[in-house]
Structure formats: structure tokens, C-alpha cells
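Summary of the model geometry
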Amino acid sequence: MQSLGTSKEFIKGDDIEWEVVGEGIKRKILAYDDKVMLVNVAFEKGGVGVLHEHYHSQVTYISSGTFDVTISGVTQTLKEGDSFYIPPHAVHGVVCLESGLLTDVFSPMREDFLK
């Protein structure tokens, strides 16, 4: 894998622009290197993170809001303070029930987010 560099060592969220990635969904890529990436994803109520899969391991912390989270065909309702783990290649997605923010960590980094 070609190195895509690293983020700054100190990151101020207010200095990073939101990127619209879907209807009612926007993200901020915060910190990263080739091995790990931290991303905030904001959802409006009704926003859908469509079912998909990728080779990265992913852990997500629900910073705010309520979401129906589906991983490998199993759905649970999770809220602020909860978290979940997505193994590589597991089909997953979310439906936002109450506007909120997901904080995602990917390993290795999501190089597709930087292109």
C-alpha cells in the first residue's frame, strides 16, 4: 500500500470542514496514518448509512443520538455512550433514529476517504 501520509499531530475540529457524504450525513476526517484513522460522522434523523462492507476493522463510539445498527444481519438499537465492533468484510449499516454523531476508528486507514 502506498503511504498517504499522516494528519497533523494536533487537530482542532473547528478547523476541519464537514464533507457531505449522503442525504443527512456528513463527516470530518480527524487524525490518521497508514495504520489507523479517526472520523466523526454526523447524522440527521432518518439518515441511512447503507449496508456495505470493507476490509478494515472498525470500532464506533456513539457520541450522541440513537441508531439502529446492523452487523452481519443482526440489528440492535444503540444510543449515546454505546459502541460496536465491525470485523473485516462484515456487512453493516446504520439508520439514525435520533440525530447524532458517530466516532469511527478504522484500521488500517480508509485510503478511499482521502481520494
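Residues numbered from 1 in each chain as written. Predicted model: local features only at pLDDT ≥ 70, side-chain atom pairs only at ≥ 80, totals over all residues. Heavy atoms only, no water.

1. Looking at the layout of surface pockets
Of the volumes computed, that of the largest pocket is approximately 440 Å³. What lines the largest pocket is a set of 25 residues, among which Val 41, Phe 43, Gly 49, His 52 and Asp 104 lie closest to the centre. Elements supplying a minimum of two residues to the lining of the largest pocket: strand S1 (19–22), strand S2 (25–32), strand S3 (37–43), strand S4 (48–52), strand S5 (57–71), strand S7 (83–86) and strand S8 (92–107). At six residues, S8 tops the list of elements feeding residues into the lining of the largest pocket. Of the residues in the lining of the largest pocket, the class split is 14 nonpolar, eight polar and three charged. (1 Å grid on protein atoms, 1.4 Å probe; cavity = no way out; pocket = protein on both sides within 12 Å on 5 of 7 lines; lining within 4 Å. Points joined across faces, edges and corners; volume = space filled by probe spheres on them. Helix = DSSP H or I, 4+ residues; strand = E, 2+ residues; numbered from the N terminus. Nonpolar A, V, L, I, M, F, W, Y, C, P; charged D, E, K, R; others polar.)

2. Some words on the side chain of Asp 104
Take Asp 104: it is sitting in strand S8. Buried within the structure, Asp 104 lacks any salt-bridge partner; its nearest side chain of opposite charge belongs to Arg 110, at an N-O separation of 7.3 Å. Reaching out from Asp 104, the side chain makes a polar contact with the side chain of Gln 58 at a distance of 3.4 Å. Apart from residues no more than four positions distant in its own chain, Asp 104 is found in contact with Met 37, Leu 38, Val 39, Val 41, Gln 58, Val 59 and Thr 60. (Buried < 20%, exposed > 50% of the residue type's maximum accessible area, 1.4 Å probe, protein only. Lys, Arg positive; Asp, Glu negative; His and termini not counted. Salt bridge = Lys/Arg side-chain N within 4 Å of Asp/Glu carboxyl O. Polar contact = N/O pair within 3.5 Å; in protein donor to acceptor, adjacent residues only side chain to side chain. Contact = heavy atoms within 4.5 Å.)

3. Some points on the pattern of salt bridges
Inspection of every chain in the model, using the stated rule, returns two salt bridges. The shortest N-O distance in the salt bridge between Arg 110 and Asp 112 comes to 2.6 Å.

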